Amino acid sequence: MNFCSNCGAAVEFRVPAGDSLPRHVCPQCGTIHYQNPKLVVGALAEWEDRILLCRRAIEPRLGFWTLPAGFMENEETTAQAAARETAEEACARIEVGELYTLIDVPYISQVHLIYRARLLDLDFRPGEESLEVALFREDKIPWDEIAFRSIALSLRHYFDDRRSGRWSFHTASLPPPPGWPIRPTA
């Protein structure tokens, strides 16, 4: 960030009074510009023994498969975000169930929340951000083409829990992948 969105003055990167972390601070108007993690919310939508997946039509990971998920918007609940993202990416209607996985992805400042959900009907099709949408049984999941580690982890938990007959809430924190660039702290 170079300029204050409040007054347009150049910002400084420093620890503001009463804080412990460096922030972008406007010396002109005093605005502190906080940058906080983004929430990515999605749904693991079930139909009988199959799961709804979307093949991405956008970067990152264009052409790879994922659960319908995306950034949460202001003024919505996480469950509403899961239903909206499923409608946008798969044109599908779901009944949102319980929160299933919460995965911290600190190296990109994100938290991924995936809900279990029930697909209400088979009237789905690719939305603007999807090339293709399909239902997959466990043995047909394109594991080598899953877009994100958090999605693969959520799917593995789902199939393990389904086999055991015991459903749990799962949390994890993903480290950076090998070769991820180290970010400077200042």
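You'll find the structure just up there.
Conventions and cut-offs
Residues numbered from 1 in each chain as written. Predicted model: local features only at pLDDT ≥ 70, side-chain atom pairs only at ≥ 80, totals over all residues. Heavy atoms only, no water. Helix = DSSP H or I, 4+ residues; strand = E, 2+ residues; numbered from the N terminus. Expected span 1.5 Å × (residues − 1). Buried < 20%, exposed > 50% of the residue type's maximum accessible area, 1.4 Å probe, protein only. Contact = heavy atoms within 4.5 Å. Pairing = 2+ DSSP bridges. Disulfide = S-S within 2.5 Å. Salt bridge = Lys/Arg side-chain N within 4 Å of Asp/Glu carboxyl O.

### Some points on helix 2 (residues 149-164)
Given a rise of 1.5 Å per residue, 16 residues ought to cover 22 Å, and the 22 Å separating the end C-alpha atoms of helix 2 matches this to within 8%. Restricting attention to buried positions, one finds in helix 2 the residues S150, I151, A152, S154, L155, H157, Y158, F159 and D161. In this structure, the buried residues of helix 2 make contact with strand 4 (38-47), strand 5 (50-56), strand 6 (65-66), strand 8 (94-105), strand 9 (110-119) and strand 11 (170-173). After helix 2 finishes, the residue G165 shows a positive phi value of roughly 75°.

### Remarks on the sheet that holds strand 1 (residues 12-14)
In spatial order, the strands read 1-2-3; together these three strands make up an open sheet with antiparallel pairing. In this open sheet, the two edge strands, each paired with only one partner strand, are strand 1 and strand 3 (32-33). Relative to strand 2 (residues 23-25), strand 1 is paired through three bridges, and the arrangement is antiparallel. Within the sheet, the bridge partner assigned to R14 lies in strand 2 and is R23.

### Digging into the state of the cysteines
If you walk through the whole model with that rule in mind, you get zero disulfides. Among the cysteines around C54, which has no disulfide bond, C91 carries the closest sulfur, lying 9.1 Å off. In this structure C54 comes out as buried when scored by relative accessible area, which is 1%.

### Side note on the pattern of salt bridges
Counted under the stated rule, the structure contains 14 salt bridges. With a shortest N-O distance of 3.0 Å, E46 and R116 are connected by a salt bridge. Separated by 70 residues along the polypeptide, E46 in strand 4 and R116 in strand 9 bring together distant segments of the chain. Considered together, E46 and R116 belong to a single accessibility category, that of buried residues. Here E88 makes a salt bridge to R84, at a shortest N to O gap of 3.1 Å.

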